[in-house]
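# Coordinate inspection notes
So the chains spell out like this:
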Amino acid sequence: HASTHGRPGKPQGVGARVPRKEDARHLLGKGNFVADMAMPGLSEVAFLRSPLAHARIASVRVADQIAGNVFLRQSMADARDIVADSTLPTYQASAQPPLASGKVRFVGEPIAMVFAPTRAEAEDHAELIEVDYDDLPVYADVDSAQAAEGDLLHEQWRDNVFVTLNADKQFDEYAAQAEVVVRRKIDLARQCMVPMEGKAVLAYWDHQADQLVVVSATQVPHMIRSVLAQCLDLEQGRVRVVSPDVGGAFGYKCVLQQEELCVAWLAKTFKRPFRFIEDRREHLTAGANSREHHYEMVAYADRRGKLLALDAKITIDGGAYSVWPFTIGLEPGQAIGNLPGPYAFKGYRCVTKAVATNKPGFVPYRGVARTGVCFAMELTMDAIAREVGREPWEVRQENLVQGEQMPFVNVTGKHLDSGDYPASLQQAMEMIGVDAVRERQRQGEADGRLIGVGLATYTEQAAHGTSVFAAWGTPVIPGFDQATARVTPDGGLELRVGVHSHGQGMETTFAQIANEILGVDVGSIKLLHGDTGQTPFSTGTYASRSLVMSGGAVSQACKRLLPRLTHIGAHLLQADPASVAWNADRLEADGKSVSVKDVADAWYLRPQLLPPDVDPSGLEVTVGYKPKVDTGCFTYATHAAVVAVDPGTGGVEILDYVVVEDCGTMINPMVVEGQTIGGVAQGIGTAFYEETPYDENGQPLASTLADYMLPGATEVPNMRLHHFETPSPHTEFGAKGMGEGGAIAPPAVLFNAVNDALRPLGAAELLRTPLSPTRVLAAIAQGKQT
Ligand code: MCN
Ligand code: SMO
């Protein structure tokens, strides 16, 4: 694994630990979030939401005094339902009305919209609306939904299944050679995403531009523009979508939200400003959910633990509606393709389906399906190790794609581009000190706690391109990006990209890319991002794609700008262009030099100094980009942890956590580390705390942060990080995307560690998130019975 750590590097260029430019603004409370915005005549919007999971709306009564400010689906007759289409063969699309129409399909579904000068008044008015319901059978889980008799969620459907996908690659042939067969049922709980800022949207009519302006906390402004134009029957040129500062997104904000459509409709209809801000209770009960996957894994291996074939059944609880644009098809598509992860086995059979239930829709959440497949695969790997009586890391070394096999096409056709998976495992085992942990386990702990070690290796397909989205049934997602680079009159640089940075640090890292090529000081580089009115087209930020795609476009734009600067600069120096050289932002020849600022002066203020054959498009370049191979680049990592479990209370403490990751060339290692640590924190939440439980009537049981537990600072340990830098052969600078990776492995690592700790007690294996103290105690008790 080549390392670029040692290369000389420019102080602010690629690979430098430049402090984040965006932090000062946020630390000083000077961010500009939707809730901060003031506008004359602004009305605040509240929604009346369904208290029932599945029911027909028999009647709605609105008191006369508020009738003018209350809207139902029929008041919005000129708006279209949200329909996320897919080309997957078995797919059944759902029509999601902006406000419930005829029936409600989950608790929290908006039925009526009310506006008033303040949110409190709007909520008071919403309480004056009376709704009568006729109950329908509630499908609160995937089993009841699949067994449905009678009213389906969506009337015209065959059954309550959104989509079913199948794979069979040489399964029978390889399974027949197995000496051991290991079976496990593995489940991930439903959970929320809980960004600090929930949904937030403000819309108004810009009379000068004769345009609807939608300021929304979104990851995908250009895509929201196209769908709003479609649903509101406006030309795209009549809609501008702006994403301002966003307080965390994590996938929650990469889809069209009903409330976005409703508020945009109000502004289009009344030509004045309206705003909706989701509150915490709305987020926890009515916001989209994620993670809920159910696995039936059957692994066929030889006596050494070499996996020969895998048979998997994956059922995903898709909730009531398929989200636009990704559709629920994304989740089973990613699951069936990424389940084999970093392993080289040859026989594979998998059936995966997404089932419609009476819960909020399912959206991608940091890691997307890969958190689930890593959990299932890595728990299965540990189960194989138990079965064949070897250490979990030995069994993995048997199965990982080896460094010299790269590039490697795996059993699901994924092009694993580069890297050394076994070396990352080896490095993690050394850092965590497995031999010392085993010795410590033999000695026993003075306080009676049990020590365990766990690990997981995974791949993080990132920056998927056009062909991947087509294969997932969503060809409306182009997987292509553009960037503009422009030298400004003061000699600074303005970069414009349609992706959006909501915590990932792109204002800094994209400036570093430009600095690497043009030498302009990072402090003089400004990034405009996420605004359809100001930036070139982009399909937005998700799938850890922004650096590779938009950062790649920034790199290309700067590379095209450079010869123009050289051409003008050489002319100013009266030097032969072949004899000049750049030193940071100065062009030098024969002991003389001019700066980028001098070139800008010539272009903007003193055109008489320009060479006669100057490029008339000047100091601005817009360019489109996608990597040479568009099937995504594969970042990978091994995480390992040591835990201590208290068999008396079931409490678990993380004693040590290490990450060895390889995202190719790092633009800013400090940003990469911050991304990893944040992701691991969320992964700890998935492993130990977070769950959105529903009762059999589809009622959400965690509606406040007292019931929905999140890890806090004391639950997130200091972690030790180590980087490999194997450049991607396909991308600018060899960088690979990594923004989600931290959240993929922790549930697998921590469950494996706790199961390892509990082995001496003969406890039942823990195979279902979250790993609460109650479940630890139950596993110990179950072990005592058998
Ligand atoms: N980076 C780098 N070198 C690399 C790879 C990445 O320096 N080799 C830097 C990038 O320049 C960028 C950051 O790391 O500043 C993440 O880049 P990338 O992997 O391209 O991911 P995106 O920018 O596309 O971010 C999206 C990704 C996703 S999909 C989720 S979900 C997620 C995540 O990032 N949501 C986040 N991280 C988040 N972090 C914060 N604070 N908030 C969110 O909502
Ligand atoms: S869940 Mo990230 O927005 O792909």
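The structure displayed is predicted, hence computed values, not measured ones.

The rules behind these values
Residues numbered from 1 in each chain as written. Chains lettered and ligands numbered in written order. Predicted model: local features only at pLDDT ≥ 70, side-chain atom pairs only at ≥ 80, totals over all residues. Heavy atoms only, no water. Helix = DSSP H or I, 4+ residues; strand = E, 2+ residues; numbered from the N terminus. Polar contact = N/O pair within 3.5 Å; in protein donor to acceptor, adjacent residues only side chain to side chain. Contact = heavy atoms within 4.5 Å. Near = heavy atom within 4 Å. Areas by Shrake-Rupley, 256 points an atom, 1.4 Å probe, with all protein chains shown as cover. Nonpolar A, V, L, I, M, F, W, Y, C, P; charged D, E, K, R; others polar. Expected span 1.5 Å × (residues − 1). Buried < 20%, exposed > 50% of the residue type's maximum accessible area, 1.4 Å probe, protein only. Phe/Tyr/Trp six-rings, centres within 6.5 Å; stacked < 30°, edge-to-face > 60°. Lys NZ or Arg CZ within 6 Å of the ring centre and 35° of its normal. Salt bridge = Lys/Arg side-chain N within 4 Å of Asp/Glu carboxyl O. Pairing = 2+ DSSP bridges. Axes fitted to C-alpha atoms, helices over the stretch in contact; angles between N-to-C directions. Right-handed = clockwise from strand over helix to strand, strands pointing away. Arc of directions from axis to C-beta. Parallel < 35°, antiparallel > 145°, perpendicular 65-115°, else oblique. Left-handed = near helix turned anticlockwise from the far one by under 90°.

With that settled, the discussion passes to the side chain of threonine 769. Position of threonine 769 relative to the elements: it lies in the loop between helix H18 (746–758) and helix H19 (773–785). A polar atom in the side chain of threonine 769 sits 2.7 Å from the backbone nitrogen of alanine 189. Sequence-distant contacts of threonine 769, defined by excluding residues within four places in its chain, comprise Asp187, Leu188, Ala189, Phe375, Thr686, Phe751 and Arg775.

Moving on: the site of ligand 1. Near ligand 1 you find 32 residues, and of these Ala249, Gln504, Ser546, Gln675 and Met738 are the closest. Glycine 503 is positioned with one of its backbone polar atoms (N or O) 3.3 Å from a nitrogen atom of ligand 1. The separation between an oxygen atom of ligand 1 and a polar main-chain atom of methionine 738 is 2.7 Å. For ligand 1, whose accessible area on its own is 840 Å², the fraction buried by protein is 96%. Secondary structure elements with two or more residues in the shell around ligand 1: helix H14 (506–518), helix H15 (546–572) and helix H17 (669–689). Examining the composition of the shell around ligand 1, we find that three residues originate from one element, H17, more than from any other. Taken together, the residues that form the shell around ligand 1 break down as 13 nonpolar, 15 polar and four charged.

This paragraph deals with helix H6 (residues 258–270). Taking 1.5 Å as the rise per residue, H6 with 13 residues should run 18 Å; its terminal C-alpha atoms sit 19 Å apart, in good agreement. Along H6, eleven of the 13 residues are buried, which leaves the element largely enclosed by surrounding structure. Residues of H6 that are buried include every one of Gln258, Glu259, Glu260, Leu261, Cys262, Val263, Ala264, Trp265, Leu266, Ala267 and Lys268, and no others.

On to the packing of aromatic side chains, then. Summed over the entire model, instances satisfying the criterion amount to 17 aromatic pairs. Their ring planes at 70° and their centres at 4.9 Å tell us that phenylalanine 115 and phenylalanine 274 sit as a pair that is edge-to-face. With a gap of 159 residues between them, phenylalanine 115 in strand S7 (residues 110–116) and phenylalanine 274 in strand S14 (residues 274–277) connect regions that are remote in the sequence. Its relative accessible area of 6% is what places phenylalanine 115 among the buried residues. Residue classification places phenylalanine 274 among the buried residues on the basis of a relative accessible area of 0%. Aromatic side chains phenylalanine 375 and phenylalanine 751 sit 4.8 Å apart centroid to centroid with 90° between the ring planes, which places their arrangement in the edge-to-face category. Remark: phenylalanine 751 occurs in helix H18 and phenylalanine 375 occurs in helix H9 (residues 369–388); sequence separation between them is 376 residues. The exposure classification of phenylalanine 375 matches that of phenylalanine 751, with both residues buried. Aromatic ring contacts, followed pair by pair, group Phe71, Phe115, Trp265, Phe270 and Phe274 into a single cluster. Its guanidinium or amino end placed over the ring of tryptophan 205, lysine 271 lies 4.3 Å from that ring's centre, counting from NZ or CZ.

A few words on the pattern of salt bridges. Counting across every chain of the model gives 52 salt bridges. The salt bridge partner of glutamate 765 is arginine 386, with a shortest N-O separation of 3.8 Å. Here arginine 386 lies in helix H9 and glutamate 765 lies in the loop between H18 and H19, a separation of 379 residues in the sequence. Residue class for arginine 386 comes out partly exposed when judged on its relative accessible area of 25%.

What follows concerns the sheet that holds strand S16 (residues 307–319). In spatial order, the strands read S9-S17-S16-S15-S10; together these five strands make up an open sheet with mixed pairing. Each having just a single partner strand, strand S9 (161–169) and strand S10 (180–187) make up the two edges of the open sheet. Direction aside, neighbouring strands of the sheet carry axes that sit 5° apart on average. Of the pairings in the sheet, the one linking S16 to strand S17 (residues 347–356) comprises ten bridges and is parallel in character. Directly across from isoleucine 316, in S17, lies its bridge partner alanine 354.

Relative to strand S13 (residues 239–242), strand S12 (residues 211–216) is paired through four bridges, and the arrangement is parallel. Paired with leucine 212 across the two strands is valine 239, which belongs to S13. Where the polypeptide runs from S12 across helix H5 (residues 221–232) and back to S13, its parallel neighbour, the crossover connection is right-handed.

The next thing to look at is H19. Between its first and last C-alpha, H19 extends 19 Å over 13 residues, near the 18 Å set by a 1.5 Å rise per residue. Regarding H19, the residues found buried are Val776, Ala779, Ile780 and Gly783. Down the axis of H19, the smallest arc covering the buried residues is 95°, so these residues share one side. In H19, the exposed residues that point more than 90 degrees away from the buried face are Thr774, Lys784 and Gln785. Among the structural elements, strand S28 (633–645), strand S29 (652–662) and H18 are those in contact with the buried residues of H19.

With that settled, consider the packing of H17 against H18. At a closest axis distance of 8 Å, the pairing of H17 and H18 adopts a crossing angle of 50°. Considered as vectors, H17 and H18 are oriented oblique to each other. For the crossing formed where H17 meets H18, the hand is right-handed. For the pair H17 and H18, contact is made by Val680, Gly683, Ile684, Thr686, Ala687 and Phe688 and by Pro746, Pro747, Leu750 and Phe751, respectively. Across the contact of H17 with H18, the residue classes tally to eight nonpolar, two polar and no charged.

Next up on the list: unusual backbone geometry. Across the junction of tryptophan 324 and proline 325, the peptide omega takes the value 0°, indicating a cis bond. Considering the arrangement of structural elements, one finds proline 325 in the loop between S16 and helix H8 (330–338). A cis amide bond links threonine 769 to the next residue, proline 770, at an omega of -10°. Residue placement: proline 770 occurs in the loop between H18 and H19. Phi is positive for lysine 271, close to 55°, though the residue is something other than glycine. Inspection of the secondary structure puts lysine 271 in the loop between H6 and S14. The phi torsion at glutamine 574 lies on the positive side, around 55°, for a residue other than glycine.

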